[in-house]
Amino acid sequence: MKKIGVLTSGGDAPGMNAAIRAVVRSGCEKGLEVYGIERGYEGLMNDKMRIMDIRSVSDVINRGGTFLYSARSPKFRSEEGMQQAIEVCKRRGIEGLVVIGGDGSFRGARDLSLRGIPCIGIPGTIDNDIACCDYTIGYDTCLNTIMQMVDRIRDTTASHDRCSVVEVMGRRAGYLALNAGIACGATSILIPEVPYDFQRDVIERIRRTQRTGKMHFIIIVAEGIGGVDELATRIQLETGIESRSIVLGHVQRGGSPSVKDRVMASRMGYYAVELLCQGIGNRVVASQKSEIVDYDIFEALNMKKSIDIDLYRIAHEISI
Ligand code: ADP
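Here the structure is a predicted model, which is why all the values come from computation and not from measurement.

**Q** Hey, could you go over the packing of aromatic side chains for me, with residue numbers and the actual values?
**A** Scanning the entire structure with this criterion turns up one aromatic pair. Residues Y41 and F76 carry aromatic rings whose centres are separated by 3.9 Å and whose planes lie at 5 degrees to one another, so their mutual orientation is stacked. One end of the pair, Y41, is in helix α2 (residues 40-45); the other, F76, is in the loop between β3 (49-52) and α3 (79-92), with 35 residues separating them in the sequence. When its relative accessible area of 5% is taken as the criterion, Y41 is described as buried. Owing to a relative accessible area of 3%, F76 belongs among the buried residues under this scheme. The ring centre of Y69 lies 4.2 Å from the NZ or CZ of R39, which sits over that ring. In this structure, R234 is placed above the aromatic ring of F198, and the distance from its NZ or CZ to the ring centre is 3.8 Å.

Shown next, in the form of structure tokens:
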């Protein structure tokens, strides 16, 4: 292996820059030529890339987002788009790729690997929704951001004896909502994985907590459940407690990565280059109980991950 490329794809996540940096630096140290490809598979198809050196990744470890930019590329999913990307790799002499992204990006990496360009996936997504990993790059920073935002909301909520219904990211996965809910002492947490009953899981919990003397309430709702405006209106109607809805939105994606995200991204980036140097492709680098391991991409995409129901129960038991 003489030349490799690195790209970030799909939704951005804090810590992606640290992963790119690790790929570039460990690649350069191993004598490889490393191409930084812009805007994910879109840039690969359109040959938008530059050679990176050790200093080209200075001052990025502390920055959120991805300095290589990210994109969603529908064309890449077609055979024509895929062939265009392969031609660019062949013309440039790129023999391996590191793809930092989520499940969708790994599907692209699998398809490229099948067509002769070995790819290694690195899990970069704030949602922590990749089945083979117990942690993904960006998740820790995002959780901390949510916690800080909700702490601020709590100050004003408590000052006015209100109820705040806060929507956090997570369309299909409730990891952010569940863990942020615990960290912020939410009275109720609504996540896509667990069906809820409005009276039992929201109203009765608020009333029970109210009877113990607490006068303000935080309800954390995953994006996949949505409807926070309506929830707040219904809570106010049923309980008489002034209720407000807040959608945290994209503030959750940004910001300087946490120590954990920087360290894990650095370890994963290094590990990905090691695999490519051994001529190994079609793998996803994963974190399992803080160890770095790797899985076949097919296997990884077919794995299932479930929410920790015990944690969900604990959250509701202690948030009264
Ligand atoms: P994420 O990687 O965060 O899950 P997406 O699902 O948007 O984000 O995927 C990112 C990109 O990966 C897409 O724009 C597309 O170019 C590529 N991709 C997604 N799904 C597939 C697929 N089934 N086959 C090939 N490429 C895919």
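That shown, we press on.
**Q** With reference to specific residues and values, describe the sheet that holds strand β6 (residues 163-168).
**A** An order of β7-β8-β6-β9 is seen for the four strands of this open sheet, with the pairing classed as parallel. Here the strands that pair on one side only, and so sit at the sheet edges, are β7 (188-190) and β9 (243-247). Sheet twist, expressed as the mean angle between neighbouring strand axes with direction ignored, is 15 degrees. As paired elements, β7 and strand β8 (residues 217-222) share three bridges and run parallel to each other. Its bridge partner being in β8, S188 is matched across the sheet by I219.

**Q** Got a sec to walk through the pairing of β6? Specific residues and values, please.
**A** In terms of residue burial, β6 counts as a mostly covered element, since six of its six residues are buried. Of the two faces of β6, the one carrying C163, V165 and E167 and the one carrying S164, V166 and V168 are both buried. Sheet analysis places β6 next to β8, joined by six bridges and oriented parallel. If you follow V168 over to β8, its bridge partner there is A222. As defined by bridge partners, β6 adjoins β9 across five bridges and the pair is classed as parallel. Within β9, the position partnered with V165 by the bridge is S245.

**Q** So, the domain arrangement of the chain: which residues are in play, and what are the values?
**A** Domain boundaries in the chain define domain 1 (3-138 + 257-302) and domain 2 (141-253). On the domain 2 side, the residues contacting the 11 residues of domain 1 number nine residues. Looking at the side of domain 1 facing domain 2, the largest losses of area belong to D12, I126 and D127, adding up to 52% of the total buried there. Seen at the junction of domain 1 and domain 2, the total is one salt bridge. Its salt-bridge partner being R253, residue D12 comes within 4.0 Å of it at the nearest N-O pair. Viewed at the interface, domain 2 and domain 1 are joined by five residue pairs in polar contact (both at pLDDT 80 or more).

Cut-offs and rules
- Residues numbered from 1 in each chain as written.
- Predicted model: local features only at pLDDT ≥ 70, side-chain atom pairs only at ≥ 80, totals over all residues.
- Heavy atoms only, no water.
- Phe/Tyr/Trp six-rings, centres within 6.5 Å; stacked < 30°, edge-to-face > 60°.
- Helix = DSSP H or I, 4+ residues; strand = E, 2+ residues; numbered from the N terminus.
- Buried < 20%, exposed > 50% of the residue type's maximum accessible area, 1.4 Å probe, protein only.
- Lys NZ or Arg CZ within 6 Å of the ring centre and 35° of its normal.
- Pairing = 2+ DSSP bridges.
- Axes fitted to C-alpha atoms, helices over the stretch in contact; angles between N-to-C directions.
- Domains from an automatic or database assignment.
- Contact = heavy atoms within 4.5 Å.
- Buried area = accessible area lost by both parts, 1.4 Å probe.
- Salt bridge = Lys/Arg side-chain N within 4 Å of Asp/Glu carboxyl O.
- Polar contact = N/O pair within 3.5 Å; in protein donor to acceptor, adjacent residues only side chain to side chain.

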